[in-house]
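# What the coordinates show
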Amino acid sequence: MSPAESRTAESSPAGSTSGSPPGRAPAAAFVTFEGVDGAGKSTQLARLAEALREAGREVVVTREPGGSPGAEEIRRLLVEGEAHRWSPETEILLFTAARRDHVERVIQPALRRGAVVLCDRFADSTRAYQGAGDAARRALVDRLHETIIGIEPGLTLILDLDPADGLARASERAGAEDRFERKGAGFQQALRREFHRLAEANPGRCVLIDATGDPDTVAARILAVAEARGLL
Ligand code: TYD
């Protein structure tokens with residue numbers, strides 16, 4: 001085990017002003033949901049939250065980009081406006097700034113009190129959306145994660161389905177938050193491949209969930225994983 005891995009998410013102070021990452025992972029009770037746009041993450045996250053609460057766990061449901069007041073302000077800069085509003089590097093810095101605030105102010109305090117944290121997207125989204133297909137950018141994402149964020153989830157559920165089906169679901173939702181969805185079908189296919197690669201590279205943390213079928217069927221697949229991981 002490396003020195004980084006031997007430190008736990010609970011062992012460093014939240015809101016640290018020292019410049020060090022706010023925590024070190026893996027944090028067993030930190031669960032993230034990932035996938036292409038419209039894969040059904042929000043629905044499934046709510047279903048798992050309900051099951052955990054019924055089992056008597058305190059559950060904190062949160063999302064990225066956003067999840068804390070400051071990070072929600074940064075979210076608006078990121079998800080609205082035209083597709084090429086930011087340079088790729090600026091975009092990576094904005095996602096990382098939002099994540100640092102979210103980890104310091106919401107995720108670490110919740111884990112420290114013993115809550116289960118369910119987060120709709122986290123660092124794997126930056127690895128996939130900002131890092132796919134460009135080795136230099138992916139290296140920047142990884143370096144920033146290591147120095148500024150540090151924490152990894154104990155479990156990442158990657159909801160997997162054909163992006164064409166995901167985009168159809170996503171476009172049924174009205175709203176201005178479509179900056180990434182507007183990047184098109186080819187981009188979504190590349191994202192799916194990147195999520196598959198992340199799952200292969202992190203078999204202990206990531207589980208691919210077949211996201212086809214009705215919500216009850218997908219929820220049952222997720223509950224089986226949560227039970228196997230001792231969350232329920
Ligand atoms: P989200 O609200 O989860 O959208 P959806 O419900 O459609 O999946 O995320 C907003 C968008 O931000 C989404 O298109 C993915 C993108 N995103 C990134 O590009 N990088 C990131 O690090 C994160 C967290 C999200």
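Look a little higher up for the structure.
Below: a short report on this structure. The residue count restarts for each chain, going from 1 along the sequence in the order it is written. The predicted origin of the model limits local features to residues at a pLDDT of at least 70 and limits the giving and counting of side-chain atom pairs to 80 or more, whereas totals for whole chains, interfaces and linings rest on all residues. Only heavy atoms go into the side-chain values, all of them from the structure, while hydrogens and water stay out.

### Some thoughts on the nonpolar core
Put simply, the rule reads: Nonpolar cores were defined as sets of buried Ala, Val, Leu, Ile, Met, Phe, Trp, Tyr and Cys residues, with membership established by side-chain atoms within 4.5 Å. Throughout this description, buried means an accessible area under 20% of the type-specific maximum (1.4 Å probe, protein chains only), exposed means over 50%, and partly exposed covers the range between. In this text, helices come from DSSP runs of H or I with a minimum length of four residues, and strands from runs of E with a minimum of two, each type numbered from the N-terminal end. Here a residue-residue contact requires only that any non-hydrogen atoms of the pair lie within 4.5 Å.
Within the largest apolar cluster, 40 residues are counted, with the highest numbers of intra-cluster contacts made by Leu118 and Leu157. With five residues, helix 8 (residues 185-201) is the single largest residue contributor to this core. Leu118 has contacts with Val31, Leu45, Leu48, Ala49, Leu52, Val59, Val60, Val61 and Thr62, leaving out every residue within four places of it along the chain. With 16 residues, the next largest nonpolar core counts Ala27, Ala29, Val103 and Phe122 among its residues.

### Overview of the site of the ligand
Worth spelling out the cut-off: Each residue is tested against the molecule or strand, and it is near if at least one of its non-hydrogen atoms lies within 4 Å. Here a polar contact is recorded for every N or O atom pair within 3.5 Å, except that within protein the pair must consist of a potential hydrogen donor and a potential acceptor, and residues adjacent in sequence are included only if both atoms are side-chain atoms. The Shrake-Rupley method, run with a 1.4 Å probe sphere, supplies the accessible areas, and residue values consider only the shown protein chains as cover.
Neighbouring the ligand are 17 residues, the closest being Asp37, Arg75, Arg121, Thr126 and Gln130. Contact distances for the ligand include 2.8 Å between an oxygen atom and a side-chain N or O atom of Asp37. In this structure, an oxygen atom belonging to the ligand sits 2.6 Å away from a side-chain N or O atom of Arg121. Here the ligand, which alone exposes 540 Å², has 93% of that area covered by the protein. For the shell around the ligand, the secondary structure elements donating two or more residues are helix 3 (69-79), helix 4 (88-112) and helix 5 (123-130). Tallying contributions element by element places helix 5 first for the shell around the ligand, with four residues.

### Comments concerning the pairing of strand 1 (residues 27-35)
Here is the rule we go by: Strand pairing requires that DSSP identify at least two bridges connecting the strands.
Within strand 1, eight of the nine residues are buried, which leaves the element mostly enclosed by the surrounding structure. In this structure, strand 1 lies alongside strand 4 (residues 153-160), joined through six bridges in parallel fashion. Looking at the pairing, Gly35 lines up with Leu159 of strand 4.

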